Amino acid sequence: MRTETILARLGACLERDTNALAFPIYQTATFRHRELERGDGYDYSRTSNPTRTALEEGMAALEGGARALAFASGMAAITAVLHLFRSGDHLVVTEDLYGGTYRVLTEVFRHLGLAASFVPTRDVEAVERAVRPDTRALFVETPSNPLLGVSDLRRLGRLAKKRGLMLIVDNTFLTPLRQRPLELGADLVVYSATKYLAGHNDVVAGMVVAATPQLGERLAFVQNATGGILGPQDCWLVLRGMKTLALRMERHEANARRVAAFLDVHPAVARLYFPALPDYPGKEVHDRQATGPGGVITFQLRDPLWVPRFIDRLRLVIFAESLGGTETLITYPATQTHRDVPVAERRRLGITDDLLRLSVGLEDPEDVLEDLEQALEALEEALEAVR
Ligand SMILES: Cc1ncc(COP(=O)(O)O)c(C=O)c1O
């Protein structure tokens, strides 16, 4: 089946007892065994649950992977992946990635002996230089959060293969509809399914897709051993949300293009980050490996002091920490998503105090543009000085 068909029919007609079309929520902790030594495929819902299986099998089919696993959050998914490594191992990681991934690596796994070097993975030579004898994997986010930096997955995949490393890609910003890391050489793809996959700002969830059954098996072992599973109700919400992923991505991107065109020429905006911009750094690589820009735009206002006034004046756009849902959200990375990155490091990376991240939703774009315009007008006096 083609991708959009897989999506539209996720979980449909799989239930055999009643022929329910939509997949049921199996709200049970455990399953009766008919005899000693004989269950009917399910034992206990930490190990597996039919609603979770429907989601996981749909996701594996969508991504073209051997196995997918659903977790309680994107961070639970990433944590399970990091548990594949041991004390004394080393990872090379995208330097400007989601602050929570930075935090779990530096504040949790570092204390367990797993080392990480944060490097600009858009520079493959820099990645190669960072590889050490104890390096076991590359962990890459592209486009990265929040600066939408582009890393060349095909070249990184080749490097990983040559050096015997695992390539792990966080594909949250683009989904398998726009970027297919397994086909570019990745071994594992991780998602915050909270974002575009579920898509409605109403559930926190994570997914991992493994390229091979062996890796899938190792992860399933970690998932069952550590227990960060997604519950049946939330699995159902993700399954339900994903049915419209293709339509939503089209609209997110169309709206984002309109908003980016508006912000790009606005005098209050000093710099815009959006992979569809004609002269965007890494655009050539992005266009080779992805089929769309996604719906996130990051921009710098000309003055960090304008940020509170701008946010305060927004009426439709919601100041909140997330992305990929139906509502347009604006996030301030310095105090929200990237608060745990030390200030000096944040500044070095360009996650500055004038930086805002916009997740363009599914509203009529005119309403979003009008709201941004009126809020930017509040900066008018200050703008006059710039002009
Ligand atoms: C790129 C990326 N990866 C992972 C996560 C973590 O996901 P969750 O919030 O579902 O735990 C996020 C959350 O914002 C993210 O943006």
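Definitions and cut-offs
Residues numbered from 1 in each chain as written. Predicted model: local features only at pLDDT ≥ 70, side-chain atom pairs only at ≥ 80, totals over all residues. Helix = DSSP H or I, 4+ residues; strand = E, 2+ residues; numbered from the N terminus. Buried ≥ 20, exposed ≤ 12 C-beta atoms within 10 Å, placed from the backbone. Core = buried A, V, L, I, M, F, W, Y, C linked by C-beta atoms within 7 Å. Contact = placed C-beta atoms within 7 Å.

J.: Outline unusual backbone geometry, listing residues and values.
T.: The amide bond that connects threonine 142 to the next residue, proline 143, takes the cis arrangement and shows omega of -5°. Along the chain, proline 143 turns up in the loop between β4 (135-141) and α6 (153-163). With an omega of 10°, the peptide bond between asparagine 145 and proline 146 qualifies as cis. Note that proline 146 resides in the loop between β4 and α6. At leucine 148, a residue that is not glycine, the phi angle is positive and equals roughly 50°. Tracing the sequence through the fold places leucine 148 in the loop between β4 and α6. A count of 26 C-beta atoms within 10 Å places leucine 148 in the buried class. Backbone geometry at threonine 175 places phi at a positive 65°, although glycine is not the residue there. Here threonine 175 shows up in helix α7 (residues 175-178).

J.: I'd like to hear about the nonpolar core, residue by residue, with values.
T.: Residues Leu138, Met207, Val208 and Val238 are the most contacted members of the largest nonpolar core, which totals 107 residues. If near-sequence neighbours (up to four positions away) are discounted, valine 238 is found in contact with Leu55, Ala193, Leu197, Ala198, Val203 and Ala205.

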